[in-house]
2 protein chains.
Amino acid sequence: MSAPLPEGPSRRLLLGAAAALPVAPGLLGATAAQAQTQTAAPLPSWNDGPVKQAILDFVRATTDSSSKDFVPPEERIAEFDQDGTLWVEHPVYSQIVFCLDRVGALMRARPELKGHEPFKTVLSGNREAIAKLSLRDLFEILLATQSGMDVEAFRADVRKWLAEAKHPRWNRPYTDLVYQPMQEVLSYLRASGYRTFIATGGSAGFVREYSEKVYGILPEQVAGTEQAFKYGYDHDHRPTLTREPKLVLDNLEAGKIENFWLMYGRRPYAAFGNSSSDDQQMLEYVKAGSGARLSVLVVHDDATREYAYGPAQGLPDTKVGTLSQEMYDMGKRQGWTIISMKNDWKRIFAFET
Amino acid sequence: MSAPLPEGPSRRLLLGAAAALPVAPGLLGATAAQAQTQTAAPLPSWNDGPVKQAILDFVRATTDSSSKDFVPPEERIAEFDQDGTLWVEHPVYSQIVFCLDRVGALMRARPELKGHEPFKTVLSGNREAIAKLSLRDLFEILLATQSGMDVEAFRADVRKWLAEAKHPRWNRPYTDLVYQPMQEVLSYLRASGYRTFIATGGSAGFVREYSEKVYGILPEQVAGTEQAFKYGYDHDHRPTLTREPKLVLDNLEAGKIENFWLMYGRRPYAAFGNSSSDDQQMLEYVKAGSGARLSVLVVHDDATREYAYGPAQGLPDTKVGTLSQEMYDMGKRQGWTIISMKNDWKRIFAFET
């Protein structure tokens, strides 16, 4: 049979070929120019040291065709947690903020929920208590506020919120609060033939509304917790899809790597995470694979430029993005690469000059 | 923030830019050369007529920036059923054949299943009865034969089977039996900025082992029925993922479009299918979207070059890939594009000269 033009490795070969050609910058645009610059000096926002070196070594080991750990392009997959790994998760997960904005309408429709947790906490207005809501609490609010919604109406809702909402500390849209060093890792891996995926404990449908624009990660490369969808018909007999009050995929704890396999059928070669609630099994499973594997733990230890939190540093357990001592020790024992945001990152955000 | 190098539209722009540059054929390889040829004369294995024209018109309407129905590149998604739409499904779904090869071992391990359907039918050796096993029967065999397996061992198993198994009529590997006209549609859509997806009633994990090589469709663009996966540890305390005896995603009937949303969060602009058991709601939902939408039904009416079957043509219901009269009428009423394999396709397979 004739070979079709694939979206994968051959497309990347084309990309590589395009980069090798002498072209006018205007033809390929800023993105390509940026990629070329980056290929010249990868990871510019990283301080030199063992962590940066471990990432560079891993990429060389898996992409140099003479390496014993060479990985064919079609198997080059890297998986990233989002909250606390690619962007800020403190003081409250952005998706909880998104859901909170819908709780008022829910209470008017279903006042009987007012006395029940986690709605009681939400309605209390107690910021400290709200900040301690877990991702499991989020799931409950999410199912209550989003069920019955038409799927395309939900898309519009998320986009509207993203355009308007601002983080209280920086007074900027949440999508500005992505970590520049991690953006560079994403670009560097892709320039090295890796496909990059998000595996979030939060809602996949939420992240898909900005992942391509913000991270260059396509909707089909976003795995997350997700509720059921139901096919039906509206009053005009038009077919509809609505969100249902039932979780199908629960991406916390081992669920994150179990569901990654369900959606993609591959063990990643690299994984990046930060939290005990949903990254531990993913990082452990990736590291246990054959050949060169990279498991990376982001430690939030920069109270000045971002936040410092978690029992692994002897800090209070704020529940959001907790890193337990046990998981930290496991990472040390298993040879994970451990990032100190304070020491390994030259800058945190792109908007810092 | 800085824009990362995305895998999506910008990558495609680069691809377009590369195609526009004068390059030595050796640099880009056969695949690119083929794409260029195809762009010159798309769909060469199709006879001219309203069906071919409908596909060409849809692509022009959604990709010409001056068109009222223009679709931005990031939303260009096309969804394909596999069995009976991209490759041969008669006389027995290939995945059923794959599972049957494992039933012997299962019976030795669990002899109590011998008296139960669908195993009783399988063990009878009655080819006609086996040929009538449905996808639901497949799911039952699949859960029984594959549960407890390590996920990577399963991958190896599928690859081994694909390399050895042959279709009884053509005495060729199943992967040779893809429809050349549909390969051309896949390539043409991708050359027009569409991303192409498989949504199969069968097992996603099975299809992912050949979809990139055979169709140019990446594992993350394959949705299908899928069982649960379980994280655990082996005797050496190494982490494991195993297949569990429970379905998480059931891709039959409305499940196919419900789960497409779950995995990708988008309504496709084009959908291709052939069977009442799992394509009707997908085709209906896609066609009901705003703007130009293409829903395509493949009718198996070529008993000489392939097979002819289904009640919609007054032929016996062979259960495999049934097309009901009701679905056929719905398609006519809703303006689906209906392919007659006999009349619309110049040739069926690439190996035909």
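Our subject in this report is the structure included herewith. These numbers come from a predicted model, not from an experiment. Residues take numbers from 1 onward in each chain, read along the sequence in its written order. Labels are handed out in written order, letters beginning with A for the chains and numbers beginning with 1 for the ligands. Residue-level local features of this predicted model are given only where pLDDT is at least 70; pairs of side-chain atoms are given and counted only at 80 or more, and the full residue set underlies all totals for whole chains, interfaces and linings. Values reported for side chains reflect all heavy atoms of the structure, with hydrogen atoms and water molecules removed beforehand.

### Re the overall build of chain A
Put simply, the rule reads: Going along the chain from the N terminus, every DSSP run of H or I of four or more residues is numbered as a helix, and every run of E of two or more is numbered as a strand. Burial here depends on accessible area, computed with a 1.4 Å probe over protein chains only, as a share of the maximum for the residue type. Under 20% is buried, over 50% is exposed, and the range in between is partly exposed. Should any heavy atoms of two residues lie within 4.5 Å, those residues are counted as being in contact. Under the convention used here, a 1.4 Å probe and the Shrake-Rupley method define accessible areas, while residue burial counts only the protein chains that appear.
A count of helices and strands for chain A gives 15 helices and seven strands. Looking at the 353 residues of chain A, the share that counts as buried comes to 61%. Pairs at least 24 apart in sequence give 68% of the contacts found in chain A among residues at least 6 apart. Working note: accessible area of chain A is about 13,400 Å², and carbon and sulfur atoms make up 52% of it.

### Considerations on the sheet that holds strand β4 (residues 239-249) of chain A
Residues and elements named next belong to chain A. Quick note on the threshold: Here, any two strands with at least 2 DSSP bridges between them count as paired. To get an axis, fit a line to the C-alpha atoms, keeping to the stretch in contact for a helix; angles then go from 0 to 180 degrees between the N-to-C directions.
Read from one edge to the other, the open sheet built from seven strands follows the order β4-β3-β2-β1-β5-β6-β7, with strand pairing classed as mixed. Edge strands, defined here as strands with exactly one partner in the open sheet, are β4 and β7 (337-340). Pairs of neighbouring strands in the sheet enclose a mean axial angle of 30°, with direction left out of account. In terms of strand pairing, strand β5 (residues 270-273) meets strand β6 (residues 294-299) through four bridges, oriented parallel. Residue Phe272 lies in a different strand from β6, and its bridge partner there is Val296. Contacting β5, β6 and β7, helix α3 (residues 50-63) runs over the sheet at an angle of about 140° to β7.

### A closer look at unusual backbone geometry
The linkage connecting A:His90 with the following residue, A:Pro91, adopts the cis geometry, with an omega of 0°. Here A:Pro91 lies in the loop between β1 (77-80) and α4 (94-109). Positive phi outside glycine occurs at A:Asn171, with the angle close to 55°. Along the polypeptide, A:Asn171 turns up in the loop between α8 (151-164) and α9 (180-191). One non-glycine residue, B:Glu253, lies in positive phi territory at about 50°.

### Observations regarding the packing of α4(A) against helix α7 (residues 135-146) of chain A
Axes are the key here: two packed helices are described by the angle between their axes and the distance separating the axes. All names here are of chain A. We apply this condition: By the definition adopted for this analysis, an angle is roughly parallel if under 35 degrees, roughly antiparallel if over 145, roughly perpendicular if from 65 to 115, and oblique otherwise. Whether a crossing is left-handed or right-handed is set by the direction in which the near helix is turned from the far one by less than a right angle, anticlockwise for left-handed and clockwise for right-handed. Three classes are used, and their members are as follows: Ala, Val, Leu, Ile, Met, Phe, Trp, Tyr, Cys and Pro are nonpolar, Asp, Glu, Lys and Arg are charged, and the others, Gly among them, are polar.
It is at 9 Å that the axes of α4 and α7 come closest, and there the two elements cross at 45°. The orientation of α4 relative to α7 falls into the category oblique. Crossing of α4 over α7 shows left-handed handedness. Residue-level contacts link Gln95, Ile96, Phe98, Cys99, Leu100, Arg102, Val103 and Leu106 of α4 to Leu138, Ile141, Leu142, Ala144, Thr145 and Gln146 of α7. Split by residue class, the contact of α4 with α7 holds ten nonpolar, three polar and one charged.

### Concerning the pairing of β6(A)
Residues and elements named next belong to chain A. Quick note on the threshold: Convention used here: a crossover is right-handed provided that the path from the first strand, over the helix, to the second strand proceeds clockwise when the strands point away from the viewer.
Within β6, six of the six residues are buried, leaving the element largely enclosed by the surrounding structure. Side chains Leu294, Val296 and Val298 project from β6 onto one buried face, and the interleaved Ser295, Leu297 and Val299 project onto a second face that is buried too. With helix α13 (residues 280-287) bridging β5 and its parallel neighbour β6, the resulting β-α-β unit is right-handed. Tracing the backbone out of β6, into helix α14 (residues 325-334) and back to the parallel element β7 gives a crossover that is right-handed.

### Here's the deal with the nonpolar core
As a rule of thumb, nonpolar side chains are buried together in soluble globular proteins. Here is the rule: In this description, a nonpolar core means a group of buried Ala, Val, Leu, Ile, Met, Phe, Trp, Tyr and Cys residues linked to one another through side-chain atoms lying within 4.5 Å.
B:Trp46, B:Phe58, B:Phe80, B:Leu189, B:Tyr215, B:Phe272 and B:Trp345 are the most contacted members of the largest nonpolar core, which has 77 residues in total. Once residues lying within four places of it in the same chain are set aside, the contact partners of B:Trp46 are B:Val51, B:Lys52, B:Ile55, B:Pro181, B:Met182, B:Glu184, B:Val185, B:Ile339, B:Asp344, B:Trp345 and B:Lys346. Of all hydrophobic cores here, the second largest spans 76 residues; its members include A:Val59, A:Ile96, A:Val103 and A:Phe154.

### Here's the deal with the environment of B:Ala223
Residue and element names in this part refer to chain B. Tracing the chain through its elements places Ala223 in strand β3 (residues 222-233). Considering only alpha carbons, one finds Ala223 and Pro316, 93 residues apart in sequence, at a separation of 30 Å. Beyond its immediate chain neighbours, meaning those up to four positions away, Ala223 contacts Ile198, Ala199, Thr200, Ala204, Asn251, Met263 and Tyr264.

### Describing the sheet that holds strand β4 (residues 239-249) of chain B
Residues and elements named next belong to chain B. Read from one edge to the other, the open sheet built from seven strands follows the order β4-β3-β2-β1-β5-β6-β7, with strand pairing classed as mixed. The sheet terminates laterally at β4 and β7 (337-340), the two strands that pair on one side only. Across the sheet, the axes of successive neighbouring strands diverge by a mean angle of 30°, strand direction being ignored. Relative to β3, strand β2 (residues 195-203) runs parallel, the two being bridged by three bridges. Bridging from a neighbouring strand, Ser203 pairs with Thr225 of β3. Sitting on the sheet, helix α9 (residues 180-191) touches β1 (77-80), β2 and β5 (270-273), and the angle it makes with β1 is about 165°.

### Quick word on the environment of A:Glu75
When you line up the elements, A:Glu75 lands in the loop between α3 and β1. Sequence separation of A:Glu75 and A:Tyr194 is 119 residues, and the distance between their C-alpha atoms is 8.1 Å. Filtering out sequence-adjacent residues up to four positions away, A:Glu75 remains in contact with A:Arg266, A:Tyr269, B:Arg155 and B:Arg159.

### Quick look at the pairing of β4(A)
Residues and elements named next belong to chain A. Relative to β4, strand β3 (residues 222-233) is paired through seven bridges, and the arrangement is antiparallel. Residue pairing for β4: Lys230 is matched across the bridge by Thr242. Hairpin connection between β3 and β4: a loop of five residues separates the two successive antiparallel strands, and His237 in this loop has a positive phi of roughly 65°.

### Notes on the side chain of B:Gln183
Residue and element names in this part refer to chain B. Short version of the rule: Nitrogen and oxygen atoms within 3.5 Å of one another constitute a polar contact, given that in protein one can donate a hydrogen and the other can accept it, and given that sequence-neighbouring residues count only through two side-chain atoms.
Looking at the element boundaries, Gln183 is found in helix α9. A relative accessible area of 3% places Gln183 in the buried class. For Gln183, the side chain forms a polar contact with the main-chain oxygen of Val214, separated by 2.9 Å.

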